[in-house]
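So you can see what is in the structure, the chains are spelled out below.
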There are 2 protein chains.
Amino acid sequence: MTTIRQVAKLAGVAPITVSRVINNTGYISAETRQKVEAAVSQLGYVPNSLSQSLRWKQTGMLALVLTDVTNPFWTTVARGVEDAASEAGYHVILCNTDESPQKQEEYLTALLQKRVDGVLLVPARDDLEDIQRVQMLKVPLVVLDRRLSQPLADAVRCDSESGAYQLTRLLLERGHRQIALLTGPEHVATATDRVTGYRRALREAGLDSDAESVFYGAFTIQSGQDMVRQALAAQPRPTAIFAGNNFIAIGMMQALRAAGIRVPEEISVVGFDDLPASLLLDPFLTVAAQPAYEMGREATNLLIKRLAGDGAQAPQEVVLPVEIVERKSVIKR
Amino acid sequence: MTTIRQVAKLAGVAPITVSRVINNTGYISAETRQKVEAAVSQLGYVPNSLSQSLRWKQTGMLALVLTDVTNPFWTTVARGVEDAASEAGYHVILCNTDESPQKQEEYLTALLQKRVDGVLLVPARDDLEDIQRVQMLKVPLVVLDRRLSQPLADAVRCDSESGAYQLTRLLLERGHRQIALLTGPEHVATATDRVTGYRRALREAGLDSDAESVFYGAFTIQSGQDMVRQALAAQPRPTAIFAGNNFIAIGMMQALRAAGIRVPEEISVVGFDDLPASLLLDPFLTVAAQPAYEMGREATNLLIKRLAGDGAQAPQEVVLPVEIVERKSVIKR
DNA sequence: GTCATATATGGTACCGGTACCAGAGAGTAT
DNA sequence: ATACTCTCTGGTACCGGTACCATATATGAC
């Protein structure tokens, strides 16, 4: 492959002069610029960004490490990240951990070796080790979506607790008293925060812990199906079900349909996360919608601010509000 | 950030010795290895893969440039690519062009500068310029999914023509004579190949070109909605509709439902591409399913074979068969 | 005892760019 | 005429690794 020295030779100048033309830095006469540009296009020269990054000590790359690219919520977040990064002149490397801590560790290692300038991480578990490893190398990191047990890093997330509270209240106000909550893994804060919000609403309504009905599973369609079956078997049977994320909601709907249970006539349902238009032949689910795109943008902007210098500042936490979208999946009883 | 020389100094050895320990090459005594490893962990040393790639003249990175990450078909392909690459020790960089030739060009430029070892490309248009640019730099490239007007590069795709032929025949055999085809852009081979297969089936059934009813649009939900409306306005009104990809099928179903037209009672429908389980509350669409995951794997393996050496071979084309999955969206008439 | 081979380690240059400094010529203020 | 600034170009070293070759000792074959 062509190098800058070959270009320089053909153009009859020094390599540094070619470098100046390419990067548009320093002084270059019109004549020299033309000679160099001719040589560049004649040889089909493509600058090697590995060498550049090595010398500049920055790569212009950010990493987005998330848990499930097949989930439209995350592709929307990714789009927000991509847009914000691109506006600031950064490229984004996307990595998918499938909620596996081991994959997360492998990806982070590879990314640190590649010297990405910053990392956006959706932690596969509440695990400080990986995060500290990144921070020890002084690579800025922003935690997305999930709250950590300790606020060691910048974080951007949505208000799961409040969203869950509002959805639960909505069900209570419609007269429901047996409400089952199907949520994610017990070690993931977004899952447990939703439980907390749900509990608060029940307490405020004067219901004690006997009225609680929480099922922990995974943020997957399969798990949604399984948990609904468990929930329906409970005594007394719930009159409403609260799905803890979009995939759980889909699994729930599939299982309810398979069981011949009509929504909302026989059972009311609500969900966390909106479902994308592509999923919906008939958008009727009442949900707490998270501003996914904005979350991606906010997190990226925060990261870029850190890159620009204020790395010494204390960790910052941004909590975005969720929006309750009422549709037709809840009835009064 | 720590360098290999700092580690070497602390361990009391030469940098090259540290390099040998890290990469597990050459001879190292147990004692030296231990000293080096101690220094590495004490300093938290992370090798810089930019320098390594620079010296080794390879990065261990493949690029997957595709047109729409929000489409489950492509995420499935991406998973196949990721798995095959990872087995061979490569990492994958994923880039999303949104069908924009300009974005495609920008991404390719960046990727070439980053010296990716190989490229998997879903061309945003039938454009040889970008492809030749990659090939001029001797970077192996495999074209995914779409047929080029000239077979300049290795390609892996599914048999659109045959799939469309089979789906159309299926409709003809059920007695349908007015069949509308909603397909993608006229300049994309996957869209036009499906038209070709559709035509062949009509011809064989003795129908002339008056019976044809083809609508060109985009491979998007929006376009699916628009094209259905056009198709329904045609005289005579079609008794069956053939959606040219999964997103068109979703748009079609949404528009039909909005118009209060029941499927299959009032109109029969078939689609190209299967819809993923997550989309379906009720999987009932008869489709030609493409082996997306295998396509990703095959393409990657072909690319890796080229990397391993036989770059001089003539371009190779792999065409994978599609599978007709009959469900409940077609009735006899 | 000599030679060949396996084991273990290091010196130097190089991968392909750029930072930094030096220097030359032109223009202009005094 | 001198000093100073602006414009333009190049030499050298360096970013952080590794390839290649050289050297030294231990081991074994004959």
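Residues numbered from 1 in each chain as written. Chains lettered and ligands numbered in written order. Predicted model: local features only at pLDDT ≥ 70, side-chain atom pairs only at ≥ 80, totals over all residues.

Enquirer: Sorry, what's going on with the overall build of chain A here?
Expert: Scanning chain A from terminus to terminus reveals twelve helices and twelve strands. Taken over C-alpha atoms, the radius of gyration comes to 26 Å for chain A, far larger than the 20 Å a tight globule of 333 residues would show. Seen through its C-alpha atoms, chain A measures out along the principal axes to roughly 85 × 40 × 30 Å. Split into buried and exposed, the 333 residues of chain A put 50% on the buried side. If you take every contact in chain A between residues at least 6 apart in sequence, the share linking residues at least 24 apart comes to 71%. (Helix = DSSP H or I, 4+ residues; strand = E, 2+ residues; numbered from the N terminus. Rg over C-alpha atoms; globule rule 2.2 N^0.38 Å. Buried ≥ 20, exposed ≤ 12 C-beta atoms within 10 Å, placed from the backbone. Contact = placed C-beta atoms within 7 Å.)

Enquirer: Would you mind going over the interface of chain A and chain B with me for this structure?
Expert: Frequently, the measure chosen for interface size is the accessible area that the parts lose on association. Taken together, the contacts link 35 residues of chain A with 35 residues of chain B. Of all the elements in the fold, those that place two or more residues in the side of chain A that touches chain B are helix H4 (49–56), helix H5 (72–87), strand S2 (91–96), helix H6 (101–113) and helix H11 (246–258) of chain A. Considered class by class, the residues forming the side of chain A that touches chain B number 20 nonpolar, eleven polar and four charged. (Nonpolar A, V, L, I, M, F, W, Y, C, P; charged D, E, K, R; others polar.)

Enquirer: Would you take a moment to explain the sheet that holds strand S12 (residues 323–325) of chain B for this structure?
Expert: Pairing between sheet strands relies on hydrogen bonds along the backbone, with the strands arranged either parallel or antiparallel. All names here are of chain B. An order of S7-S6-S8-S9-S10-S12 is seen for the six strands of this open sheet, with the pairing classed as mixed. Edge positions in the sheet fall to strand S7 (214–216) and S12, since each of these pairs with one other strand and no more. Across this sheet, the average inter-strand angle for adjacent strands is 15°, counted without regard to direction. Taken together, the three bridges between strand S9 (residues 268–272) and strand S10 (residues 286–289) define a ladder with parallel strand orientation. Bridge pairing in S10 places Phe 272 opposite Ala 288. Its contacts with the sheet put helix H10 (residues 221–233) on strand S6 (179–183), S7 and strand S8 (240–243), and the angle it makes with S6 is roughly 155°. (Pairing = 2+ DSSP bridges. Axes fitted to C-alpha atoms, helices over the stretch in contact; angles between N-to-C directions.)

Enquirer: For this particular structure, what's the right way to read the protein's contact with DNA strand C?
Expert: Around DNA strand C, a shell composed of 26 residues is seen, among which A:Ile4, A:Ser19, A:Ser51, B:Val13 and B:Thr17 lie nearest. Of all the secondary-structure elements, those providing two or more residues to the surface near DNA strand C are helix H2 (15–23) and H4 of chain A together with helix H2 (15–23) and helix H4 (49–56) of chain B. Of the residues in the surface near DNA strand C, the class split is 14 nonpolar, ten polar and two charged. (Near = placed C-beta within 6 Å.)

Enquirer: Could you clarify how one ought to interpret the pairing of strand S5 (residues 154–158) of chain B in this entry?
Expert: Working note: regular strand, side chains alternate between the two faces of the sheet. Residue and element names in this part refer to chain B. Burial analysis of S5 places five of its five residues in the buried class, the great majority of the element. Here strand S4 (residues 141–144) runs beside S5; their pairing, made up of three bridges, is parallel. By the bridge assignment for S5, Val 143 is matched with Ala 155. Pairing of S5 with strand S11 (residues 317–320), which is carried by four bridges, proceeds in the parallel orientation. The residue bridging Cys 158 from the neighbouring strand is Leu 320, located in S11.

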